[in-house]
Structures are given as C-alpha cells and as structure tokens.
Amino acid sequence: MKPLKEFTIPFVGLKVGAHHFEYDIEQAFFEHFEYEDFNDTCVHVNVVLNKKATLLELHFEVSGEVNINCDLTNEPYNQNISNIFDLVVKFGDEYNDEYTDILIIPHGTHEINIQQYIYELIILAVPIKRIHPGVIDGTLNSDILKKLEELSPKPNKLKQSEGDIDPRWNTLKKLLTDK
C-alpha cells in the first residue's frame, strides 16, 4: 500500500521539543485502506510529536464520529468515537514494529509515516457490538425489529408449571435427598 504524503512527518528538520499536527479524516482515507464498514467519517486527529535527542514520542488523540450500520437492524447511525495512544520511536539497526507501543526505525531515517496508527486508532475506537441508540431506548421504528419481536419466544411458553415436569426428573431428584 502506498503511503499518503500528508501523514508523513519529516522529523529531521524539527527542533527538540513538542510539535503539533492536526488531521481531519474523511471517508477517502478509509477507501485508501479498502475498509468498507463505515458509511461516512468525520474524525479529527491531534498528534503531538515530542522530539528528544535519542528518540521521538508521539501522542495521538482521535475524536469524532463515524456513520455505521447497526448490527441488529442494519440501520445507519452516527457513532461517537474517541481514543488515545502513545508511541515511542527509537532508532536501531533495522525496522521493527513487533511491539505495540514501541517502533524501532533504522538510523538515518528522516521521516515517519503515521497513517497506519491513525487507521488502527479509529477502527479500534468503534464498539465491537454496534447498536443503534434507537434500539436501546425503544424509539427506532424498523421492520427488522418488528420481525425480531414477532419471532422471539414468548415468556408464557418458556415457563412450565409443576405438572408439566417429566416424571423421570422426580426420580432423579430423589437421589439428591437420599443419604
């Protein structure tokens, strides 16, 4: 996958200290990654790069909303998201990204691309179970919800009276009381 230029930070020319970067992420960003779960995206990303003599510290803050489909009704809705992440970039002999919050890049590297970290932060900020707020508070009027309620088991069918118990269970219950 080709890196997007706007997410490449050339850190060689930066002075030691904190540097702020802001990004507005829209749907085209996820089309670049061929991710199709979002209908629309409006996310703001703040990145603070703290350059030190021997390493870089990156602090990511993601906030905004994504339009996704409900898992129960397939109705689209806007889901608010927010996430933070800290990354330490060290210099070493070869590239190594096997650690979650530490990235090792080769000596002599003069820039870092952060698009993958932003992508993962946004994806991980979305809840695993996506439920439309109208389903939770009962205000959503959907054909799928009506069909689910129609097909759900009724409480009176689930409860059985004492007379409906299979007599074989009574024999087994005697084993519990026998000593």
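Residues numbered from 1 in each chain as written. Predicted model: local features only at pLDDT ≥ 70, side-chain atom pairs only at ≥ 80, totals over all residues. Heavy atoms only, no water.

### Examining the overall build of the protein chain
Okay, so step 1: From N to C terminus, the protein chain includes six helices and seven strands.
Okay, so step 2: Ordered by position from N to C terminus, the α and β elements of the protein chain give β-β-α-β-β-β-β-β-α-α-α-α-α.
Okay, so step 3: For the protein chain, whose C-alpha radius of gyration is 27 Å, the value lies well above the compact-globule estimate of 16 Å for 179 residues.
Okay, so step 4: Its C-alpha atoms give the protein chain principal-axis dimensions of about 85 × 50 × 25 Å.
Okay, so step 5: Classification of the 179 residues of the protein chain by burial places 31% in the buried group.
Okay, so step 6: At a minimum sequence separation of 6, the contacts of the protein chain that also span at least 24 residues come to 57%.
Okay, so step 7: On the protein chain, roughly 12,500 Å² of surface is accessible, and the fraction owed to carbon and sulfur atoms is 52%. (Helix = DSSP H or I, 4+ residues; strand = E, 2+ residues; numbered from the N terminus. Rg over C-alpha atoms; globule rule 2.2 N^0.38 Å. Buried < 20%, exposed > 50% of the residue type's maximum accessible area, 1.4 Å probe, protein only. Contact = heavy atoms within 4.5 Å. Areas by Shrake-Rupley, 256 points an atom, 1.4 Å probe, with all protein chains shown as cover.)

### Things to note about the packing of aromatic side chains
Okay, so step 1: Taken as a whole, this structure holds 14 aromatic pairs when the rule is applied.
Okay, so step 2: Measuring from centroid to centroid gives 5.3 Å for phenylalanine 29 and phenylalanine 30, while their planes differ by 90 degrees, and the two rings are edge-to-face. Summarising the burial analysis for this pair, phenylalanine 29 and phenylalanine 30 share the class buried. (Phe/Tyr/Trp six-rings, centres within 6.5 Å; stacked < 30°, edge-to-face > 60°.)

### Details of the pairing of strand β5 (residues 76–92)
Working note: regular strand, side chains alternate between the two faces of the sheet.
Okay, so step 1: The pairing of strand β4 (residues 55–69) with β5 spans 15 bridges and is classified as antiparallel. Bridge pairing in β5 links glycine 64 to isoleucine 81.
Okay, so step 2: For β5 and strand β6 (residues 102–106), the ladder comprises five bridges, and the chain directions are parallel. Directly across from valine 89, in β6, lies its bridge partner leucine 103. (Pairing = 2+ DSSP bridges.)

### Some remarks on the nonpolar core
Okay, so step 1: Ranked by size, the top nonpolar core spans 38 residues in total, and within it Tyr23, Ile25, Phe29, Phe60, Ile118 and Ile122 carry the most contacts.
Okay, so step 2: Elements represented by at least two residues in this core include exactly β2 (17–25), α1 (27–32), β3 (40–51), β4, β5, β6 and α2 (115–125).
Okay, so step 3: In this view, phenylalanine 60 contacts Asn46, Val47, Asn83, Ile84, Phe85, Leu87, Ile114, Tyr117, Ile118 and Leu121; residues no more than four positions away in its chain are not counted. (Core = buried A, V, L, I, M, F, W, Y, C linked by side-chain atoms within 4.5 Å.)

### Focus on the pattern of salt bridges
Okay, so step 1: Enumeration according to the criterion identifies two salt bridges in this entry.
Okay, so step 2: Here arginine 130 and aspartate 37 are joined by a salt bridge, their closest N and O atoms 3.7 Å apart. Here arginine 130, found in the loop between α2 and α3 (133–137), pairs with aspartate 37, found in the loop between α1 and β3; they are 93 residues apart in sequence, far enough to count as distant.
Okay, so step 3: We classify aspartate 37 as partly exposed; its relative accessible area is 39%.
Okay, so step 4: Close ionic contact of glutamate 57 with lysine 52 constitutes a salt bridge, the shortest N to O distance being 3.3 Å.
Okay, so step 5: By relative accessible area, glutamate 57 is classed as partly exposed at 29%.
Okay, so step 6: Given the relative accessible area of 36%, lysine 52 is considered partly exposed. (Salt bridge = Lys/Arg side-chain N within 4 Å of Asp/Glu carboxyl O.)

### Quick notes on the environment of phenylalanine 91
Okay, so step 1: Looking at the element boundaries, phenylalanine 91 is found in strand β5.
Okay, so step 2: By relative accessible area, which is 28% here, phenylalanine 91 ends up partly exposed.
Okay, so step 3: For the pair formed by phenylalanine 91 and leucine 55, sequence separation is 36 residues and the distance between their alpha carbons is 6.8 Å.

### Some details on the sheet that holds β5
For sheets, the rule is that strands pair by backbone hydrogen bonds, running either parallel or antiparallel.
Okay, so step 1: An order of β2-β3-β4-β5-β6 is seen for the five strands of this open sheet, with the pairing classed as mixed. Of all the strands in the sheet, the pair left with one neighbour each is β2 and β6. Taken over all neighbouring pairs, the strand axes of this sheet differ in orientation by 20 degrees on average, direction set aside.
Okay, so step 2: By the bridge criterion, nine bridges tie β2 to β3 in an arrangement that is antiparallel. For alanine 18, the partnering residue across the bridge sits in β3 and is asparagine 50.
Okay, so step 3: Strands β2, β3, β4, β5 and β6 of the sheet are contacted by α2, whose axis makes an angle of about 140 degrees with β5. (Axes fitted to C-alpha atoms, helices over the stretch in contact; angles between N-to-C directions.)

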